[in-house]
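Here are the chains, one letter per residue:
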Amino acid sequence: MTTTERHLVIAGLQTIAIGPEDARVVVVVLHGRAMEGADLAPFAHSLGVPCLFLFPDAPLSTGPRGRSWWPIAAEARAQALTGTTRDLHAFDPPGRAEARKHLAAFVAAIGTDRLVALVGFSQGGMLAMDHVLHDGRADALALLSSSRVAFTQWQPRLTRLDQLPMLIAHGRDDRELGFTAGEGLRDAAMAGGARLEWLPFDGGHEIPLVVWRALRRFLRGL
């Protein structure tokens, strides 16, 4: 497997590409708020999966470093108001539609002749799920330490998950997005008929080794 990092611009987004360009499976990894694609890119080197990994930077700068898929001030306020559960299911992010457009254009640029797996951490997972529920293309979906958003709008669309391979992982001690947020995502996926693997783990708002191992198995299954 080729592990050289290549820096590309895809659908207007700065992107790190790792892996064989002709791979049958393309894995698009969406980072969380105030992060960059480079923060997650090192994991592609160690997964040992013959996929093409793409790590786009979100379009909005958060300063002094990092990027975001929608304005983070509103998300931070929403988290502060949700109390101890830290579940954003009632939060409708400003800029959500624009973020979906960016992701849809990015996925379209990959082409239609191979499988696309979306992997989203935290805010990136919220966007990935929102994309799929609004008829965005994905052949598999992995949501890591994430949450539902705008759930009253999501709920009638959950049947779009029917038979979709999904992995949802969440830390029992997550202080950023509480464990109930992960359980809510799990229940939504089950209600939509997804082929779901649910992975609760001992830890916080992170992607520990047990999750990367599960993700490796998940991708190999494609």
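First, a word on scope: everything that follows refers to the structure included in this document.

1. Focus: unusual backbone geometry
Geometrically, the link from Gly-63 to Pro-64 is a cis peptide bond, its omega value of 0° lying close to zero. The backbone of Asp-135 sits at a positive phi, close to 70°, despite the residue not being glycine. Mapping Asp-135 onto the fold places it in the loop between helix H5 (123–133) and strand S8 (140–144). For Asp-135, a relative accessible area of 58% corresponds to the exposed category. In this model, Ser-145 sits at a positive phi of 50°, which is unusual for a non-glycine residue. The topology assignment puts Ser-145 in the loop between S8 and helix H6 (151–154).

2. Details of the nonpolar core
Counting residues in each nonpolar core, the largest one holds 44 residues, and the members touching the most others are Leu-118, Met-129, Leu-141, Leu-161 and Met-166. At 6 residues, H5 tops the list of elements feeding residues into this core. Counting 31 residues, the second-largest nonpolar core is a separate cluster that includes Cys-51, Phe-53, Phe-55 and Leu-167.

3. Observations concerning helix H8 (residues 209–220)
Taking 1.5 Å of rise per residue, 12 residues should cover 16 Å, and H8 covers 16 Å from first to last C-alpha, within 8% of that figure. Among the residues of H8, those classed as buried are Val-211, Trp-212, Ala-214, Leu-215, Phe-218 and Leu-219. On an axial view of H8, the arc spanned by its buried residues comes to 160°, and they lie on one face. Exposed side of H8, more than 90 degrees from the buried face: Leu-209, Arg-217 and Arg-220 are the residues found there.

4. Focus: the pattern of salt bridges
Within this structure, the stated rule accounts for 13 salt bridges. Put simply, Asp-139 and Arg-137 hold a salt bridge, and the shortest N to O gap is 3.8 Å. In this structure, the salt-bridge partner of Arg-172 is Asp-202, at a minimum N-O distance of 2.8 Å. Of the two residues, Arg-172 sits in the loop between strand S9 (165–171) and helix H7 (179–191) while Asp-202 sits in the loop between strand S10 (195–201) and H8, which places them 30 residues apart along the sequence. What makes Arg-172 partly exposed here is its relative accessible area of 42%. Taking relative accessible area as the criterion, Asp-202 reaches 66% and is therefore assigned exposed. Taken together, the shared-partner salt bridges connect Asp-92, Arg-96, Arg-100 and Asp-130 into one network.

Thresholds, definitions, all that
- Residues numbered from 1 in each chain as written.
- Predicted model: local features only at pLDDT ≥ 70, side-chain atom pairs only at ≥ 80, totals over all residues.
- Heavy atoms only, no water.
- Helix = DSSP H or I, 4+ residues; strand = E, 2+ residues; numbered from the N terminus.
- Buried < 20%, exposed > 50% of the residue type's maximum accessible area, 1.4 Å probe, protein only.
- Core = buried A, V, L, I, M, F, W, Y, C linked by side-chain atoms within 4.5 Å.
- Expected span 1.5 Å × (residues − 1).
- Arc of directions from axis to C-beta.
- Salt bridge = Lys/Arg side-chain N within 4 Å of Asp/Glu carboxyl O.

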